[in-house]
Amino acid sequence: MKLYNGPQIIVGLVIFLAIFTYPFWSGAGKAAPVPKPQPVPKSVATQCVADTAYMRTSHMTLLNHWRDEVVRDGDRLYESANGKTFNMSLSNTCFQCHTSKVKFCDQCHNYLAVAPFCWDCHLVPKEKK
Amino acid sequence: MGVDRRQFLKLAGIAGALGLGGSVGFQLLKPGSLDAAERMPTPYQMVFPKSQGNSEVMPNPKALKGRRWGMVIDMRKLTEEKARAAIQACNYYHNVPDIPGKQTIKWIWLTGYVNAFPEVENPFADPEIKNARFIAMCNHCDNPPCVRVCPTKATFQREDGIVMMDMHRCIGCRFCMAGCPYGSRSFNFRDPRPFIKKEYPLYPTRTKGVVEKCTFCSERLAVGKLPYCAEASGGAMVFGDVDDAGSELRRLLRSRYSIRRKPNLGTHPQVYYLV
């Protein structure tokens, strides 16, 4: 079997593979740092609406649930597992303790490349420099 | 030899008849088994089952309760100054942007007599009424056309009569704007944030591509307070329960003659103007 234009094809393949695999070998060993969302100081808030593990995996479910209850049914109070009552509101409750979107929300969202559009409407607290 | 045309048609006919009869067979042998899909809880209901006594949400006990909310606007008391105060309070606390021109966003605004009440136009009417500036807003109709035309149920009517919007569901089709005979709805043709002079951080803004309107301050009622406009108008705008014959609102409606906007359309507006 004869490979016509062999040298050009081989060189072309090598260049193609080099460009195609560039993202893999250029980023090798440079894993993005694991996010470290900055927890709220104990002095500000002692208890979240649910435990950390639940909030880490399911805060979006909880927030969707809150949204539907508040907008559709007008039920605005939430009794958490520890018996405390919270006003179901992103701006009026969550952001009162989690005062920095950059240091808290964005840490994981950027790492996982998710872009929730909550903040297109809900105002975030001004970042303190 | 394969299947000839006659055999194929016979088989197809039998298969078709069986298929048509299938659901009837199911209903006869196991009634209700096909309805299971409708009765399956949604993922949301599975996570938060209310039926299991897991009622972890509740209304605020301080919330104002009414069977049918409405508003009375006393045109003798409503000076231009009071009206502006009411409008300003509403716009600030709801982050209503100030966009000039055709893309303006209106929750509550001032308009002329002939614009607000076109079908009672009368060239010889009392000039005091004819030249007055009326405050206009969402009428929270008893029979709201905007709710009927909304294809996503983003606009809905609460049990207490308030015509509410769920911004999360609005797809910006603007059917409701075509449906509303009062011009009470505005569309966000662009991102409203640059047009908000001073943001009120505890209430959301809107985003590009949704319709918005007055909500009768449902977020205020939920904590036992009156709407911002009623509070800022110095008694010229009275909010109350239309269904409660003993309410201040009903007393005012009995005391003087009142008109409503475009009553002939059958929308039953719940904003009354004492003239």
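Please refer to the structure higher up on the page.
This write-up is about the structure you can find in this document. (Residues numbered from 1 in each chain as written. Chains lettered and ligands numbered in written order. Predicted model: local features only at pLDDT ≥ 70, side-chain atom pairs only at ≥ 80, totals over all residues. Heavy atoms only, no water.)

Attention now moves to the packing of aromatic side chains. Geometry of an aromatic ring pair is reported as the spacing of the ring centres plus the angle between the planes. Counted according to the given criterion, the structure contains 15 aromatic pairs over all chains. Aromatic pair tyrosine 93 of chain B and tyrosine 228 of chain B: ring centres 4.3 Å apart, planes at 5°, arrangement stacked. With a gap of 135 residues between them, tyrosine 93 of chain B in helix α4 (residues 80–93) and tyrosine 228 of chain B in helix α10 (residues 228–232) connect regions that are remote in the sequence. Residue class for tyrosine 228 of chain B comes out buried when judged on its relative accessible area of 10%. Centroid distance tyrosine 113 of chain B to phenylalanine 134 of chain B: 5.8 Å. Interplanar angle 35°. Geometry classified as tilted. Here tyrosine 113 of chain B is found in helix α5 (residues 113–116), whereas its partner phenylalanine 134 of chain B is found in strand β4 (residues 133–137), with 21 residues between them in sequence. Accessibility assignment for this pair places tyrosine 113 of chain B and phenylalanine 134 of chain B in one class, buried. Taken together, the ring pairs in this structure connect Tyr92, Tyr93, Tyr200 and Tyr228 of chain B into an aromatic cluster. A cation over an aromatic ring shows up here: arginine 72 of chain A above the ring of phenylalanine 156 of chain B, its NZ or CZ 4.1 Å from the ring centre. When the ring centre of tryptophan 119 of chain A is taken as origin, the NZ or CZ atom of lysine 101 of chain A, which lies over that ring, is 4.8 Å away. (Phe/Tyr/Trp six-rings, centres within 6.5 Å; stacked < 30°, edge-to-face > 60°. Helix = DSSP H or I, 4+ residues; strand = E, 2+ residues; numbered from the N terminus. Buried < 20%, exposed > 50% of the residue type's maximum accessible area, 1.4 Å probe, protein only. Lys NZ or Arg CZ within 6 Å of the ring centre and 35° of its normal.)

On to the sheet that holds strand β2 (residues 69–74) of chain B. Residues and elements named next belong to chain B. The 4 strands are arranged β9-β2-β11-β10 in an open sheet whose pairing can be described as mixed. Pairing within the sheet leaves two strands with one partner each, and these edge strands are β9 (237–241) and β10 (258–259). In the sheet, β2 pairs with strand β11 (residues 271–274) via 4 bridges, with the strands oriented parallel. From the neighbouring strand, valine 72 faces β11, where its bridge partner is tyrosine 272. Each of β2, β9, β10 and β11 is contacted by helix α11 (residues 248–255), which is oriented at about 115° to β9, the strand it contacts most. (Pairing = 2+ DSSP bridges. Contact = heavy atoms within 4.5 Å. Axes fitted to C-alpha atoms, helices over the stretch in contact; angles between N-to-C directions.)

Right, let's get into the pattern of salt bridges. In the structure shown here, the tally under the stated rule is 12 salt bridges over all chains. Across the pair lysine 126 of chain A and glutamate 199 of chain B runs a salt bridge whose closest N-O atoms are separated by 3.8 Å. Note that lysine 126 of chain A is positioned in the segment after α5 (105–111) and glutamate 199 of chain B in the loop between β7 (186–187) and β8 (211–212), a pairing that runs across two chains. Taking the shortest distance from any N to any O, the salt bridge between aspartate 142 of chain B and arginine 68 of chain B comes out at 2.4 Å. Here aspartate 142 of chain B is found in the loop between β4 and α7 (145–149), whereas its partner arginine 68 of chain B is found in the loop between β1 (57–58) and β2, with 74 residues between them in sequence. For aspartate 142 of chain B, a relative accessible area of 37% puts it in the partly exposed group. (Salt bridge = Lys/Arg side-chain N within 4 Å of Asp/Glu carboxyl O.)

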